[in-house]
Amino acid sequence: LLYTIKFEPTMTDLSPLQREKLCRIFRQFDSDGNGTLSLREFRRACRRFSPVMSVLEIDRLALEMDIDGNGLIDLEEFCLCMARYIARKQQAKAPPAPKQSLSTKQLRDAFNYFDKDMSGSISQGELRQVMQTLGIRCNDAEFKALLDSVDQNGDGVVDFPEFCTLLNSIV
């Protein structure tokens, strides 16, 4: 079977020096000293360090950082998001892994895993279930675009050759 392991950095993945630097930066951003960053404080800090960011980009970043959804960014949320940013930056610097094609048996095993009703094709419902299992969220328009890009013959389902093309393009 095919498995994907997603690495989610945590606070413990930061070195003590990185944590100290992030705490210092956070305190600079926290202009009223209450231990949280309001959207106003966060916007001001982002404009200071990245004047080219739009308000929309800053607000999206603030939403991403506000993990508990309370409208404020606390030190832990700030450090966790920065740990993710640092990890992404390090991954981008890493050389790409050599591309390996999957064996026919591996492809067939993966296909059969997703083809829950053993019909010989992956239905739209099965594809949605797979995406949910993998934590991939998309709206109806995005789902239709994905299905249209994979469903080469336009029959509304993903057959084995289409599945092989898709998997070999991403592995």
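Located above this text is the structure these notes cover.
Reading the values: rules and limits
- Chains are numbered independently. Their residues run from 1 in the order of the written sequence.
- Only residues with pLDDT of at least 70 are given local features in this predicted model, and only at 80 or more are side-chain atom pairs given and counted; all residues enter the totals for whole chains, interfaces and linings.
- No hydrogens and no water enter the side-chain calculation; it runs on all heavy atoms of the structure.
- Comment: elements are numbered from the N terminus, with helices defined as DSSP H or I runs of at least four residues and strands as E runs of at least two.
- Three exposure classes are used, based on accessible area relative to the maximum for each residue type with a 1.4 Å probe and protein chains only: buried under 20%, partly exposed in between, and exposed over 50%.
- Contacts are assigned to residue pairs that have any heavy atoms within 4.5 Å of one another.
- Multiply 1.5 Å by the residue count of a helix minus one, and that product is the helix's expected span.
- Throughout, the arc means the angular range of directions from the helix axis out to the C-beta atoms.
- Think of a nonpolar core as a cluster: buried Ala, Val, Leu, Ile, Met, Phe, Trp, Tyr and Cys residues, connected wherever their side-chain atoms sit within 4.5 Å.
- By definition, a salt bridge exists where a carboxyl oxygen of Asp or Glu is found within 4 Å of a side-chain nitrogen of Lys or Arg.
- Criterion for a disulfide: a pair of cysteine sulfur atoms within 2.5 Å.

**A word on the overall build of the protein chain**
When helices and strands are tallied, the protein chain shows eight helices and four strands. Written out in order from the N terminus, the α and β elements of the protein chain read α-β-α-α-β-α-α-β-α-α-β-α. Here the protein chain holds 171 residues, and the buried ones make up 29% of them. Across the protein chain, contacts joining residues at least 24 apart in sequence account for 48% of those joining residues at least 6 apart.

**Observations regarding helix 1 (residues 16–29)**
Here helix 1 contains 14 residues, and its C-alpha end-to-end distance of 20 Å stays within 8% of the 20 Å for a straight helix at 1.5 Å per residue. Taken together, the buried positions of helix 1 are occupied by Leu22, Cys23, Phe26 and Phe29. Buried residues of helix 1, seen end-on, are gathered within an arc of 120° and therefore sit on one face of the element. Across helix 1 from its buried face, at more than 90 degrees, point the exposed residues Pro16, Leu17 and Arg27.

**Points about the nonpolar core**
Side chains of nonpolar character tend, in soluble globular proteins, to be buried together. Counting 17 residues, the largest nonpolar core has Leu107, Ile122, Leu127, Val158, Phe163 and Leu167 as the members making the most contacts within it. Listed by contribution, the elements that provide at least two residues to this core are helix 5 (104–114), helix 6 (124–133), helix 7 (140–150) and helix 8 (160–170). In this structure, Leu14, Phe26, Phe29 and Phe78 belong to the second largest nonpolar core, which totals 16 residues.

**Remarks on the pattern of salt bridges**
Within this structure, the stated rule accounts for five salt bridges. Its salt-bridge partner being Glu20, residue Arg27 comes within 3.6 Å of it at the nearest N-O pair. Residue Arg128 pairs with Asp140 through a salt bridge whose shortest N-O separation is 2.7 Å. Residue Arg128 is located in helix 6, and its partner Asp140 is located in helix 7; the two are separated by twelve residues in the primary sequence. Under the relative-accessibility criterion, Arg128 is labelled partly exposed at 28%. Judged by its relative accessible area of 60%, Asp140 falls in the exposed class.

**Quick notes on the side chain of Glu77**
Relative to the elements of secondary structure, Glu77 occurs in helix 4 (residues 75–93). On the basis of relative accessibility, which here comes to 5%, the residue Glu77 falls in the buried class. Ignoring anything within four residues of it in the chain, the contact list for Glu77 reads Met65, Asp66, Ile67, Asp68 and Leu72.

**Observations regarding the state of the cysteines**
According to the stated counting rule, one finds zero disulfides in the structure shown. Looking at Cys23, it has no disulfide partner, and the nearest cysteine sulfur is the one in Cys79, 4.8 Å off.

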